[in-house]
Each structure stands twice: as C-alpha cells, then as structure tokens.
Amino acid sequence: MKFPVEWLREFVPTTLDDKALADKLTMAGLEVEEITPSEDGPVYHTKVTPNRGDWMSLLGVARETAATLDTKMSWAPTPLPDENDDVRRWAGVVITDTAGCPRYAGKVVRNVTIGPSPDWIQKRIAACGMRPVNVVVDVTNYVMLELGQPLHAFDYDTIPEGKIVVRPANAGETIVTLDGAERTLQAGMLVIADREKPIAVAGVMGGAETEVTDKTRHIFLEAALFDAGSIRRTSKVLGLSTDASYRFERTIDPEMVPLALERAAELLADLAGGEVALGRIDLYPSPARALPIALRPARTNAILGTDLSDETIAHSLTRLGLIVDPSVTPFKVLVPTFRTDLLKEIDLIEEVGRMIGYDTLPESLPAAPGAGAVDAPRGKFAGDLRTVLTSMGLQEALTHSLAAPSPFDDPKKADERVAIRLALSAELSGLRQALVPNLLEVLSHNLRQREPDVRLFEVGKVFAKGEGVSNYLETRRVAGVLTGAVSPRRWTGEEIPAIDFYAAKGVVEGLFTRLRLPAPQFVPGQVHGMHPGRTALIELDGQPIGYVAELDPDAVKSDLNVPASVGRVAAFELDADALLAIAADTRHYTPLPRFPAVTRVLAVVVDSEVGYWALESTARSVVEETLLEEIAPESIYTGEKIGEGKKSVAIRFVFRAADRTLTDAEVEAQMRAVETALAERVGAVHR
C-alpha cells in the first residue's frame, strides 16, 4: 500500500523523522519497502501480508504505528446518527445470500453537484496511486484509503424505485462493467441487482448502466461486507482485480461498514453540496462478536524465552486495541473484529513479541533431548534410492507436481486425474499421475540443447482420485528415463552401444540388488506410449509394482519435441512405497563360502512364446533354496535344427552348500526335479 507520511502523522503525531518512523514500523512487522516523493510529500510503500487486511487503510496503519510507539491515536469516527426511517422512502435492500453478504448498508444523498474534488483530496489519492475522477468517486476512494472500507456510488435515478437486491448471479447473465467490458457471469457469483438484472459485480466493480456521470443528481451510496472467498473466486474467474476486491479478499472489519458510510456521506454533503437523507439502511442479520482467547502468561514467557511481568504482557496487547482482563489466569483477551488474523493463543504470543521488540528477545537454543535425530523410514529410503541411482550415472531431476495432461498419461486413468479448480494455466492444470511424462519433458529439453546422452531420475509423489468425495491417493514413486550411449564416448572413436530396453532393465535390477530387495519378476505387458514388444511389467510375489520399457518410436516422433536423430528412449517407473514395505531394515552379512560350488547347464526346447521368466520361476519353485546360489540364462538358440515355432534355452545353475561339499547325487536330484517341472508346466523337452 502507498500513502503520504503526512496523512499518517495526522492520525499519530510523532517527532520521529520519516526514515526513523519507517524503521520502527519495519521492525514491528509492517515493512516499509521504500519512501518516494509526491506532490503531497514523502510516500511510504508498505508490504501488506495476506492475513493483515487492516493494514490496507490509513486507520489500520495508524493503529499499528500508535501501538509500536506506545502512544495514543488521534482519530474520532464520524458520529452515527439516530435511527430514522426517512431513507426507506427512497430506497430498499433485500439480501438473498447472507453467507456471501453478511452485512449491507446504504444511504441516499440527493442533489449533489458533480465536479472535480478539492485539490487536497486529489493530491492524496494520487499519492496513493489512484486517479482522480470526480468528487463522488474521489470521496469513495478517499474513504476506502482512510478507513479500509470499499464503497460504491450508484446513480440513484438509474435504479428502478431505488430497490436493491443482493443475490447470486444466474448462469449466463451479463453485465457491462465500468471498464466498458461485457462480462458473462457464472452461477453463484454475487451481484448487486435491481429487480430484473445485475447492476454491479459485488465487491469487484460496478456496472456502466448505473455509473455516476456529469448528469447525476442523486446518489445511492453502498457499504457492505462480502465473503472473502466468494470475492476472490469471482475476481479470478472474471480476470478482474480492483482496489475493492483486493481489500475484500483480505477481509475487512464488519464494524467499519456504517462508520465509512457516514464518513462518505458527510464528505459528499460538504464537498458536493449533497442533502443526506436521514437514517441509513443497515442489514446485519448475524453481527460479528469479539473473539475471546485465553492467554497463559507462563506459556507466553516459555515461547518467547523471556521473563515478562503480567502487566507488561497485558499492556503489550492493550496497545494493539485488544481488551485484556489480567485479573484471571489465564488472561481473558477479547480480539476486536478488525483483527481477523488473531485466532489462537500463539497468535497473541506473537503480538506480545512484536510489541516488546524482536530485537529484545534473548538468543538461546531451545532445550531438546540428547538423543540424535533419526530419519523417517520413508525419507531414508528415498535418500537410498537417490544414492544408488546417482552412482549408476543418472542425474536427479525435480519436476513440478502440477502438470498439464500428457500424451504419455494412461487414458484408462483419465477419470482419476486431480484437476485444479481455478488453474493459473494449462501447464499447471492438475496434479501429476506419473513421473515419467514430466521426466520426458526434461529429457526433450536437454536433447534440444544438443546433449545427446541423457539419464534422469526422480523420486516424488503422484496423485489420483480415490473412492468417495474428497478422497485422494498420494503415493511415492521412483522413475527414470534414458537415451544416448550406455557409457561415455571414448577418444578412440569406437562405437558405443546405445541405450535400449535391456540397459533400463539393468538399472532396475541393479537398484533391487543394491537395496537388498528380492529379485523382481519381469513379465511381458503393455503400457500406454511404450513399445509393444519391449515392455515388461515388474512384479514382486505376483503383485505389480511398476514397469520398464522402451518408448514407442512413433510416440517419440509425434509426442516428444526432439531432434529427428534421437535413437531409442527407455523408461522405468516403480512404486517406491511398495519397495519400502519389503526393504530389509537390517543388513545381514554372510561369510565367504568355505566349500566349492557345482555348476550345471540345462538346455531345453520350448515353444517360442514361452518367456525365460516362466522357465526360471518354475525352476526356482522346485529346487532347495538353501542350495541354489545362482540361476541365469546361458544362451538362446533358434534355427532349423530346433524346428519352427521352437527355441532352445540353456540355463546355468550354480549350487553350493554352506556346511559341506555337495555330492553329484545331491546335484543330480535337484536337476531331475527341474527337468520334470519344466516338462510338466511349460512343455520343455531336454536336449
């Protein structure tokens, strides 16, 4: 907010110079960012935090200044006249949405003379960054700057019978606002209407049809309290932010409504020659009350690290306009309606700290148990994932959890996407459902920068809608994308193999090994956007936990903005929470083997469609786990000697016992069990 320093001094007389006063306010929390000159003298530019709507007025800043300097504020509100029904002969108001408009007040000022406002008003509102228009508009702006209450003046003669209705808009209703733009309203937007149509967007901007012009003679003056959330939603949807909406979004003091209304009417009578109709319309069905909060002096000192007396604590709060009863323990504190940011005891403790001065608080470390901190299991596991993948040559990427829909999103899960209701842009329109699409965007950017070898990974959360209303699922994943050469290029110029499905599969297998996880099962499958013949679903004990695949070359060309020379792109994504659930908490060390191993190779002929994993899993299911040290593919052969539709698979078995040297009979027994199981379950024939 901007305002002339001299205006503030009218509220709080002080001998401090402008710089010293600015420093005092900044140290108390109201930051003065800069001081600039104007026709009305030096101007403060203050930084207003979203929870301090009271600082959006000279009165609010003056309260803060008086409290900071521990002095009295020089301000007398315009007296509220006695009740009088004369105004109801001229106007009437109905509120149909009291949640959106808890209070609405109005006055009628007749026979005003429209012209420029006095020089002193024009200079002051100009110094605050507003453009002088005419005496009526300038008065409403002046009072808003002075007291923080937005006002609006309607040309009374444009309102049929002076009847006002505060109601939600109907879908498709339109209004031409003061900026000349025709705006289509959505259902639920709060409007000020006559008996037929909207004449203003409540709390945001008035309508052109009821605008005050040079021909205006009678004024209906509005002051109201509108719901902050409602005004913010309307402002965002319409793309229309005004000085009024900015203040309503930060909440205003409901008790200021009649005071600001009477102040503006008083100024219009003095400066525009207006005749103020006696009384005012003031609809306030559920008046706000001062909020009681209990404050413990001992707790205050414990939090601040001080030894303040009860009197000092109580005085610190009364300086701010709070009502404190220190005769009871805990103190009973009544928070006035203009301090909507004070809700809990800790808020009051912070105010005490501000008033005694943060620079006076003792510097001491809080008492804490001597035991060292321990990482949470999830955080430690995420760190382990990062360490392992980084050691494999991948670089970590951190992408935004808000993302646009991607061609690589699973269309079957489109209904599970968590959309942002009022997204700032299409790129930030929803929460991501997977990590790979975002990583592919980063990979594409690097490839366009002529970086041919890209290996990226990310550990992060993904989101989806759950069952029921407002039920959302949030899980942690680990994913990676790779392209280019499998190893750094050499000066000799020899050709380096390119990254493919098997390179990514090797990363996954290495990850499982380094984290001491059970060996995963790779099952042929389909994943949207991935190569149909180079995709494997990853399972543990029959449960899916992710996939590893090469991208479909057609998808790379059509959906990734990358150079045409880019080769294969591989990707993987795993459920990190599922991996954590099976990760070993303790490392177990096995002594070096004392007895020799026995190696056997078994060659079998099977149908071409039988995958290697079917052979290995079958073999593992029948051999003694304590004797089998290793099982791995030795070779795969197809050709005329095998027959059409067949292949020969050689499997290497390594057996070893921890307590003895295995005999040939023991090993042969294991191999016969494997041969029998392979023949019965997958139709394998021993070569």
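The structure displayed is predicted, hence computed values, not measured ones.

A. Up close: the overall build of the chain. Scanning the chain for helices and strands turns up 18 helices and 31 strands. The globule rule puts the C-alpha radius of gyration for 687 residues at 26 Å, and the 37 Å found for the chain is more than 25% above it. C-alpha atoms of the chain, sized along the principal axes, occupy 115 × 60 × 55 Å. By residue count, 48% of the 687 residues in the chain fall in the buried class. Considering only intrachain contacts with a sequence separation of at least 6, the fraction spanning at least 24 residues in the chain is 68%. Of the roughly 34,900 Å² of accessible surface on the chain, 51% is carried by carbon and sulfur atoms.

B. Molecular detail of the sheet that holds strand E25 (residues 530-540). Within the open sheet, the 7 strands sit side by side as E19-E22-E23-E27-E26-E25-E24. Their pairing is mixed. Looking at which strands have only one partner, the edges of the open sheet turn out to be strand E19 (395-396) and strand E24 (521-524). Docked against the sheet, helix H13 (residues 436-448) engages strand E22 (454-465), strand E23 (472-483), E25, strand E26 (543-551) and strand E27 (569-575), running at close to 30° with respect to E23. Along the sheet face, helix H14 (residues 501-514) touches E23, E24, E25, E26 and E27 and points at about 145° away from the line of E26.

C. Quick peek at the sheet that holds strand E2 (residues 31-36). The antiparallel open sheet is built from 3 strands, whose spatial order is E1-E3-E2. Pairing within the sheet leaves two strands with one partner each, and these edge strands are strand E1 (2-4) and E2. Going across the sheet, the axis of each strand differs from the next one's by a mean of 30°, ignoring polarity. In the sheet, E2 pairs with strand E3 (residues 43-47) via 5 bridges, with the strands oriented antiparallel. Across the sheet, the residue bridging to Glu 34 is His 45, located in E3.

D. Representation of helix H17 (residues 612-622) in the model. Restricting attention to buried positions, one finds in H17 the residues Leu 615, Glu 616, Thr 618 and Ala 619. Considered in projection along H17, the buried side chains sweep an arc of 165° and stay on one side of the axis. The secondary structure elements touched by the buried residues of H17 are strand E28 (598-607), strand E29 (628-637), strand E30 (646-655) and helix H18 (664-682).

E. Region of interest: the pairing of E26. Along E26, 7 of the 9 residues are buried, which leaves the element largely enclosed by surrounding structure. In terms of strand pairing, E25 meets E26 through 7 bridges, oriented antiparallel. Along E26, the bridge assignment pairs Leu 540 with Gln 543. Where E25 folds back on E26, the antiparallel hairpin that results is connected by 2 residues, among which Asp 541 adopts a positive phi of roughly 55°. Direction of pairing for E26 relative to E27: antiparallel, over a ladder of 5 bridges. When the bridges of E27 are listed, Gly 546 appears paired with Leu 574.

F. Spotlight on the pattern of salt bridges. If you walk through the whole model with that rule in mind, you get 48 salt bridges. Glu 668 serves as the salt-bridge partner of Arg 600, at 3.1 Å between the closest nitrogen and oxygen. With Arg 600 in strand E28 and Glu 668 in helix H18, this pair connects stretches of sequence that are 68 residues apart. Classification of Glu 668 by relative accessible area gives partly exposed; the value is 31%. Among the ionic contacts, a cluster of salt bridges with common partners joins Arg 52, Asp 54, Glu 64, Arg 339, Asp 341, Glu 351 and Arg 354.

G. Representation of the UniProt feature "binding site: Mg(2+)" (unreviewed entry) in the chain. UniProt records the feature "binding site: Mg(2+)" (unreviewed entry) for Asp 341, Asp 347, Glu 350 and Glu 351 in the present numbering. Beyond its immediate sequence surroundings of up to four residues, Asp 347 is in contact with Asp 341 and Leu 342. Assessed through its relative accessible area of 4%, Glu 351 is described here as buried. Beyond its immediate stretch of four places on either side in the chain, Glu 351 contacts Leu 317, Leu 320, Arg 339 and Leu 342.

H. Up close: the packing of helix H12 (residues 377-391) against H14. Closest axis-to-axis distance for the H12/H14 pair is 10 Å, and the angle between their directions is 130°. With respect to each other, H12 and H14 are oriented oblique. In the crossing of H12 with H14, the sense of the turn from one axis to the other is right-handed. Residues Leu 385, Val 388, Leu 389 and Ser 391 of H12 form the contact with H14, whose participating residues are Val 507, Leu 511 and Arg 514.

I. Spotlight on H12. With 15 residues, H12 extends 21 Å from end C-alpha to end C-alpha; this agrees with the ideal 21 Å at 1.5 Å per step. Taken together, the buried positions of H12 are occupied by Phe 381, Ala 382, Leu 385, Val 388 and Leu 389. All buried residues of H12 fall inside an arc of 130° around its axis, so they share one side. Buried residues in H12 make contact with E22, E23, H14, E27 and helix H16 (576-582). Downstream of H12 by a residue or two, Gly 393 has a phi angle that is positive, lying close to 95°.

J. Molecular detail of the domain arrangement of the chain. Parsing the chain into structural domains produces domain 1 (2-69), domain 2 (86-283), domain 3 (291-357), domain 4 (377-584) and domain 5 (598-686). Averaged C-alpha coordinates put domain 3 and domain 5 at centres separated by 78 Å.

K. Highlighting the nonpolar core. Grouped together as the largest cluster of nonpolar side chains are 91 residues, with contacts concentrated most on Tyr 44, Tyr 104, Ile 164, Val 166, Ile 192, Phe 220 and Phe 226. In terms of residue count, helix H8 (residues 256-271) provides more of this core than any other element does, 9 residues in total. Two domains each provide a minimum of three residues to this core, namely domain 1 (2-69) and domain 2 (86-283). Listed in part, the 31 residues of the second largest apolar core include Phe 381, Val 478, Ile 545 and Ala 583.

L. Region of interest: the side chain of Thr 140. Secondary-structure assignment places Thr 140 in helix H5 (residues 135-147). Among the polar contacts made by the side chain of Thr 140, one reaches the main-chain carbonyl oxygen of Val 137 at a distance of 2.6 Å.

M. Examining unusual backbone geometry more closely. Looking along the chain, the bond that leaves Thr 329 and enters Pro 330 is cis, with omega of 0°. Within the secondary structure, Pro 330 is located in the loop between strand E17 (323-325) and strand E18 (331-335). If you check the backbone angles, Asp 70 has positive phi at about 55° while not being a glycine. Take Asp 70: it is sitting in the loop between helix H3 (58-69) and strand E4 (92-95). Positioned with a positive phi, Thr 251 is a non-glycine residue whose angle comes to about 70°. The residue Thr 251 is located in the loop between helix H7 (243-249) and H8 in this model.

N. Region of the structure containing the packing of aromatic side chains. As enumerated under the stated definition, the model contains 7 aromatic pairs in all. Judged by centre distance (5.9 Å) and plane angle (75°), the ring pair of Phe 3 and Tyr 44 falls under edge-to-face. Taken together, the positions of Phe 3 in strand E1 and Tyr 44 in strand E3 put the pair 41 residues apart, joining distant regions of the chain. Using a relative accessible area of 0% as the deciding quantity, one classes Tyr 44 as buried.

O. Spotlight on the packing of H17 against H18. Where H17 meets H18, the closest approach of the two axes is 9 Å, and the angle between their N-to-C directions is 130°. Comparing their axes, H18 and H17 come out oblique. The chirality of how H17 crosses H18 is right-handed. Counting all contacts with H17, which are made through Ala 614, Leu 615, Thr 618, Ala 619, Ser 621 and Val 622, the residues of H18 involved are Gln 670, Ala 673, Val 674, Ala 677, Leu 678, Arg 681 and Val 682. For the contact of H17 with H18, the class distribution of residues is 9 nonpolar, 3 polar and 1 charged.

About the criteria used
- Residues numbered from 1 in each chain as written.
- Predicted model: local features only at pLDDT ≥ 70, side-chain atom pairs only at ≥ 80, totals over all residues.
- Heavy atoms only, no water.
- Helix = DSSP H or I, 4+ residues; strand = E, 2+ residues; numbered from the N terminus.
- Rg over C-alpha atoms; globule rule 2.2 N^0.38 Å.
- Buried < 20%, exposed > 50% of the residue type's maximum accessible area, 1.4 Å probe, protein only.
- Contact = heavy atoms within 4.5 Å.
- Areas by Shrake-Rupley, 256 points an atom, 1.4 Å probe, with all protein chains shown as cover.
- Pairing = 2+ DSSP bridges.
- Axes fitted to C-alpha atoms, helices over the stretch in contact; angles between N-to-C directions.
- Arc of directions from axis to C-beta.
- Salt bridge = Lys/Arg side-chain N within 4 Å of Asp/Glu carboxyl O.
- UniProt positions renumbered as here; feature names shortened; annotations may be inferred.
- Parallel < 35°, antiparallel > 145°, perpendicular 65-115°, else oblique.
- Left-handed = near helix turned anticlockwise from the far one by under 90°.
- Expected span 1.5 Å × (residues − 1).
- Domains from an automatic or database assignment.
- Core = buried A, V, L, I, M, F, W, Y, C linked by side-chain atoms within 4.5 Å.
- Polar contact = N/O pair within 3.5 Å; in protein donor to acceptor, adjacent residues only side chain to side chain.
- Phe/Tyr/Trp six-rings, centres within 6.5 Å; stacked < 30°, edge-to-face > 60°.
- Nonpolar A, V, L, I, M, F, W, Y, C, P; charged D, E, K, R; others polar.

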